[in-house]
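# Examination of the molecular architecture
Letter by letter, the chains look like this.
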Amino acid sequence: DEPRYRWRGMLLDCSRHFMSKDFVKRYIDLLAFHKMNVLHWHLTDDQGWRIEIKQFPRLTEVGAWRMEGDQRYGGFYTQDDVREIVAYAQSRNITIVPEIEMPGHSMAAVASYPELSCTGDPFEVGARWGVFDDVYCPGNDATFDFLEKVLSEVIDLFPSEFIHIGGDECPKTRWKSCPKCQARIHDEGLADERELQSYFIRRIERFLNSKGRRLIGWDEILEGGLAPNATVQSWRGLEGAIAAARSGHDVISSPTSHCYLDYAQFVAPDEPIRMGHLPLERVYSFEPTPADLTPEQAKHVLGAEGNLWSEHAPEERVDWQVFPRLCALSEVMWSPSRRDWTDFHGRLQTHYRRLDAMGVGYFIPPPGLASPIRVFTDAIDVKLTTSMDNTVVRYTTDGIDPTDESTVYRDPLHFAQTTTVKAKTFTVRGRSSPVAEYIFRRIVPLEPISNVETSAGLKYDYYEGKWEQIPDFDALTPAATGVIPTFDLGVHKLDEYYAVRYRGYFEALTDGVYTFYLMSDDGSRLWIGSDLVVDNDGLHGCSERSGQVILRAGRYPMVVGFFQADGVQSLEVQFEGPGMDKRPISASYLSHASVDR
Ligand code: ACM
Ligand code: ZN
């Protein structure tokens with residue numbers, strides 16, 4: 001038995017929430033227990049600077065504290081604390097890779113020393129989540145002098161070969177209007193602010209290399225040209241890993257799609273599914289080495305990392321976010337690529353008991369449904385499922401959340417009327433899952449239309465304007481109309497501030513329950529006849545909602561409305577029918593009336 005990868009890491013964000021020395025040591029024990037060997041310790045960010053730097057005391061006098069309402073929140077590790085934690089980790093074969101963020105995510109630093117920013121304005125330590133425009137000024141040599149002194153103290157504390165310098169999500173807004181930054185661009189013969197970011201990272205890399213250390217940064221360090229010896233941690237998919245490995249750089253794979261342990265583990269059926277949803281099974285399916293690398297390039301994949309960003313995870317929430325997904329990741333990082341979900345799932349049942357014995361407050365999955373069908377005409381039999389051994393499922397049908405005294409689920413439930421089931425998983429130790437709420441609706445099957453002449457394609461009406469929800473199309477005059485084979489935003493004129501209504505017929509091939517899905521950014525709605533079947537309206541990023549109806553074979557009038565405000569635009573219309581997997585509604589299911597009625 002030997003590890004597949006030499007870098008088996010987890011990121012712990014102790015900036016957004018400060019975590020005590022004992023808590024960090026406990027995490028080191030948990031990592032070692034799972035045969036992992038890197039703790040990527042995220043120590044600085046907009047919302048808090050957490051490591052004592054002797055030459056710059058304001059970093060921890062000012063930068064370690066933020067206001068939460070009228071409360072001062074924060075904390076930091078003294079250099080003695082750091083030495084103690086590093087020694088503790090070393091004794092358990094864990095390397096701590098410290099991350100000192102630059103040039104972005106640096107509000108806590110510029111709040112402590114405003115002269116390091118472009119404007120020199122006074123700042124507060126970040127008190128909201130997100131990305132801030134005020135960052136280090138690379139036009140100012142004092143910025144590099146400061147960072148070299150900070151990194152020198154960091155290097156003295158951490159024996160790690162690698163020092164992480166962040167590099168992600170740095171807005172170029174201030175640099176564009178800063179005379180010092182513009183002078184730097186001119187003097188160094190740089191093309192633009194992206195190359196200025198590259199200049200920044202290269203200069204820091206030269207310093208780290210001169211001290212015998214290697215630089216690692218997030219995949220944004222590829223922007224404007226990668227520093228000659230840099231290692232890239234790919235988080236926005238694996239494109240960064242592929243590009244870096246192809247040009248001979250080492251990489252760590254930690255894409256949001258499989259490694260972001262701050263994402264939700266469970267989404268109830270009536271809640272929107274956003275990108276930030278990461279179930280255990282998907283984590284287990286992770287392949288850190290991109291298939292399109294040659295064997296030679298693939299050697300640059302040093303390993304992988306799970307990331308626990310802590311905006312929504314103070315200490316008491318961390319176990320729940322991390323476990324059992326880290327168990328899946330640890331197997332991904334240790335074992336050969338051949339993996340078997342059923343086998344892992346079986347072994348996990350034993351592992352839950354080990355985690356119990358260690359007092360780990362892992363996520364408990366709520367009960368699921370054996371069938372996705374939640375609508376019926378006469379009656380329905382409902383089977384609840386659980387994916388954990390040694391648990392009981394308790395449920396209610398009166399709208400009240402289940403307690404440890406609610407009815408225990410044993411046999412399938414039989415409903416002849418619309419019923420809301422609330423169910424929870426309880427472990428023998430008395431811990432429990434979130435509530436899963438499932439509504440089973442008694443509905444009337446819809447009637448197909450008859451005797452219409454149809455032609456291929458959908459009609460669309462395209463409107464220009466600024467909306468925050470689907471407008472009342474009938475009250476508006478379209479800027480364009482036409483017929484297209486199927487839903488396609490590509491034919492419309494603007495990229496922002498428009499709405500479109502698609503009208504036509506959907507053909508159901510057999511009788512049964514149909515599920516319709518709308519994934520959109522921004523809002524969308526789907527009607528069949530006069531029934532609003534899917535409501536995914538409102539200003540939002542890419543998210544999916546669904547709805548179910550009962551159809552007989554035949555044609556149904558279908559309308560899909562969509563609006564786009566600014567930013568990303570997307571619309572995907574899919575369905576699932578009797579014996580048919582989820583699929584896009586392609587042209588073959590669509591038509592429109594040959595004569596307008
Ligand atoms: C990141 O999640 N901004 C690396
Ligand atoms: Zn500047």
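This one's a predicted model, so the numbers in the text were calculated from it and none came from an experiment.

### So, the sheet that holds strand E30 (residues 543–551)
Pairing is antiparallel across the open sheet formed by five strands, whose spatial order is E12-E30-E27-E32-E33. Here the strands that pair on one side only, and so sit at the sheet edges, are strand E12 (273–274) and strand E33 (580–584). Both strand E32 (residues 570–577) and E33 contribute to a ladder of three bridges, which runs antiparallel. Each bridged residue has a counterpart across the sheet, and for glutamine 574 the counterpart in E33 is proline 584.

### Focus on the packing of helix H1 (residues 21–33) against helix H3 (residues 79–90)
Between H1 and H3, the shortest axis-to-axis distance is 10 Å and the interhelical angle comes to 15°. Judged on the interaxial angle alone, H3 and H1 are roughly parallel. For the pair H1 and H3, the sense of crossing is right-handed. Residue-level contacts link Lys21, Val24, Lys25, Ile28 and Asp29 of H1 to Asp81, Glu84, Ile85, Tyr88 and Ala89 of H3. Classifying every residue of the contact of H1 with H3 by side-chain character gives five nonpolar, no polar and five charged.

### Here we look at the environment of leucine 208
Looking at where leucine 208 falls in the secondary structure, it is placed in helix H8 (residues 193–210). In this structure leucine 208 comes out as buried when scored by relative accessible area, which is 0%. What leucine 208 contacts, discounting residues up to four positions off in sequence, is Leu151, Ile155, Ile163, Ile165, Arg213 and Leu215.

### Some thoughts on the state of the cysteines
Scanning the entire structure with this criterion turns up zero disulfides. Cysteine 259 supplies the cysteine sulfur nearest to cysteine 327, a cysteine that is in no disulfide, at a spacing of 14 Å. Among the residues examined, cysteine 327 registers a relative accessible area of 5% and is labelled buried.

### Focus on the coordination of the zinc ion (ligand 2)
Protein-derived coordination of the zinc ion (ligand 2) comes from Cys118 (SG), Cys137 (SG), Cys178 (SG) and Cys181 (SG), at a distance range of 2.3 to 2.4 Å. Here the zinc ion (ligand 2) binds four donor atoms, and the angle range of 107 to 112° at the metal identifies the geometry as tetrahedral. As a motif over one chain, the donors of the zinc ion (ligand 2) read C-x18-C-x40-C-x2-C. One end of the pair, cysteine 118, is in the loop between helix H4 (107–112) and helix H5 (141–157); the other, cysteine 178, is in the loop between helix H6 (173–176) and helix H7 (179–187), with 60 residues separating them in the sequence. Cysteine 178 shares its class with cysteine 118; the two are buried.

### Focus: the sheet that holds strand E19 (residues 407–408)
Here we have five strands laid out as an open sheet, ordered E15-E22-E21-E18-E19, and mixed in their pairing. The sheet is open, and its two borders are formed by strand E15 (375–376) and E19, each paired with just one other strand.

### Structural notes on the layout of surface pockets
The calculated volume of the second largest pocket comes to roughly 660 Å³. In terms of residue count, the dominant contributor to the lining of the second largest pocket is helix H13 (residues 315–322) (three residues). Looking at the lining of the second largest pocket residue by residue, the classes come out as 13 nonpolar, seven polar and eight charged.

### A closer look at the packing of aromatic side chains
All chains considered together, the criterion is met by 34 aromatic pairs. Here tryptophan 41 and phenylalanine 158 contribute two aromatic rings whose centre-to-centre distance is 6.3 Å and whose plane-to-plane angle is 75°, an arrangement assigned as edge-to-face. Here phenylalanine 158 lies in the loop between H5 and strand E8 (162–166) and tryptophan 41 lies in strand E2 (residues 38–42), a separation of 117 residues in the sequence. Accessibility assignment for this pair places tryptophan 41 and phenylalanine 158 in one class, buried. On the basis of an interplanar angle of 80° and a centroid distance of 5.5 Å, the ring pair of phenylalanine 56 and tyrosine 113 is categorised as edge-to-face. Of the two residues, phenylalanine 56 sits in the loop between strand E4 (48–49) and helix H2 (58–61) while tyrosine 113 sits in the loop between H4 and H5, which places them 57 residues apart along the sequence. The class of phenylalanine 56 is buried, set by a relative accessible area of 14%. An aromatic cluster of three or more residues is present, and its members are Trp218, Trp235, Tyr260, Tyr263 and Trp309. Against the face of tyrosine 284 rests arginine 339, its NZ or CZ located 6.0 Å from the ring centre.

### Considerations on H8
For H8, which comprises 18 residues, the first-to-last C-alpha distance of 26 Å matches the rise-based estimate of 26 Å (1.5 Å per residue) to within 8%. Taken together, the buried positions of H8 are Glu193, Leu196, Gln197, Ser198, Tyr199, Phe200, Ile201, Arg203, Ile204, Glu205, Phe207 and Leu208. On the buried face of H8, the contacting elements are strand E7 (95–102), H5, E8, H6, H7 and strand E9 (214–218). The N-capping residue of H8, defined by a side-chain oxygen 3.2 Å from the backbone nitrogen of arginine 194, is aspartate 192.

### Considering the pattern of salt bridges
Note on pairing: side chains with opposite charge can pair once their charged atoms come close. Applying the stated criterion across every chain yields a total of 38 salt bridges. The salt bridge partner of aspartate 141 is arginine 184, with a shortest N-O separation of 2.8 Å. With a gap of 43 residues between them, aspartate 141 in helix H5 and arginine 184 in helix H7 connect regions that are remote in the sequence. Overall, the relative accessible area of 44% leaves aspartate 141 in the partly exposed class. Owing to a relative accessible area of 10%, arginine 184 belongs among the buried residues under this scheme. With a shortest N-O distance of 3.7 Å, aspartate 356 and arginine 429 are connected by a salt bridge. Here aspartate 356 is found in helix H15 (residues 341–357), whereas its partner arginine 429 is found in the loop between strand E21 (419–427) and strand E22 (436–442), with 73 residues between them in sequence. Shared partners join several salt bridges into a network, and the residues in it are Arg6, Glu161, Arg214 and Asp250.

### Some remarks on the environment of aspartate 488
Looking at where aspartate 488 falls in the secondary structure, it is placed in the loop between strand E25 (480–484) and strand E26 (498–508). We classify aspartate 488 as partly exposed; its relative accessible area is 36%. For the pair aspartate 488 and tyrosine 502, spaced 14 residues apart in the sequence, the C-alpha separation amounts to 9.6 Å. Within the local environment of aspartate 488, its side chain forms a polar contact with the backbone nitrogen of glycine 490, the two atoms lying 2.8 Å apart.

### Some points on the packing of H1 against H13
The interhelical angle for the contact between H1 and H13, taken along N-to-C directions, is 15°, at an axis separation of 11 Å. Here H1 is positioned roughly parallel relative to H13, judged by the angle of their axes. The handedness of the crossing between H1 and H13 is right-handed. Of the residues in H13, those touching H1 at Phe23, Arg26 and Tyr27 are Glu315, Val318, Asp319 and Val322. Of the residues that constitute the contact of H1 with H13, the class distribution is four nonpolar, no polar and three charged.

Reading the values: rules and limits
Residues numbered from 1 in each chain as written. Chains lettered and ligands numbered in written order. Predicted model: local features only at pLDDT ≥ 70, side-chain atom pairs only at ≥ 80, totals over all residues. Heavy atoms only, no water. Pairing = 2+ DSSP bridges. Helix = DSSP H or I, 4+ residues; strand = E, 2+ residues; numbered from the N terminus. Axes fitted to C-alpha atoms, helices over the stretch in contact; angles between N-to-C directions. Parallel < 35°, antiparallel > 145°, perpendicular 65-115°, else oblique. Left-handed = near helix turned anticlockwise from the far one by under 90°. Contact = heavy atoms within 4.5 Å. Nonpolar A, V, L, I, M, F, W, Y, C, P; charged D, E, K, R; others polar. Buried < 20%, exposed > 50% of the residue type's maximum accessible area, 1.4 Å probe, protein only. Disulfide = S-S within 2.5 Å. Donors = N, O, S within 2.8 Å, 3.2 Å for Na, K, Ca; no water. Tetrahedral: all angles 85-135°; square planar, octahedral: opposite > 155°, others 65-115°. 1 Å grid on protein atoms, 1.4 Å probe; cavity = no way out; pocket = protein on both sides within 12 Å on 5 of 7 lines; lining within 4 Å. Points joined across faces, edges and corners; volume = space filled by probe spheres on them. Phe/Tyr/Trp six-rings, centres within 6.5 Å; stacked < 30°, edge-to-face > 60°. Lys NZ or Arg CZ within 6 Å of the ring centre and 35° of its normal. Expected span 1.5 Å × (residues − 1). Polar contact = N/O pair within 3.5 Å; in protein donor to acceptor, adjacent residues only side chain to side chain. Salt bridge = Lys/Arg side-chain N within 4 Å of Asp/Glu carboxyl O.

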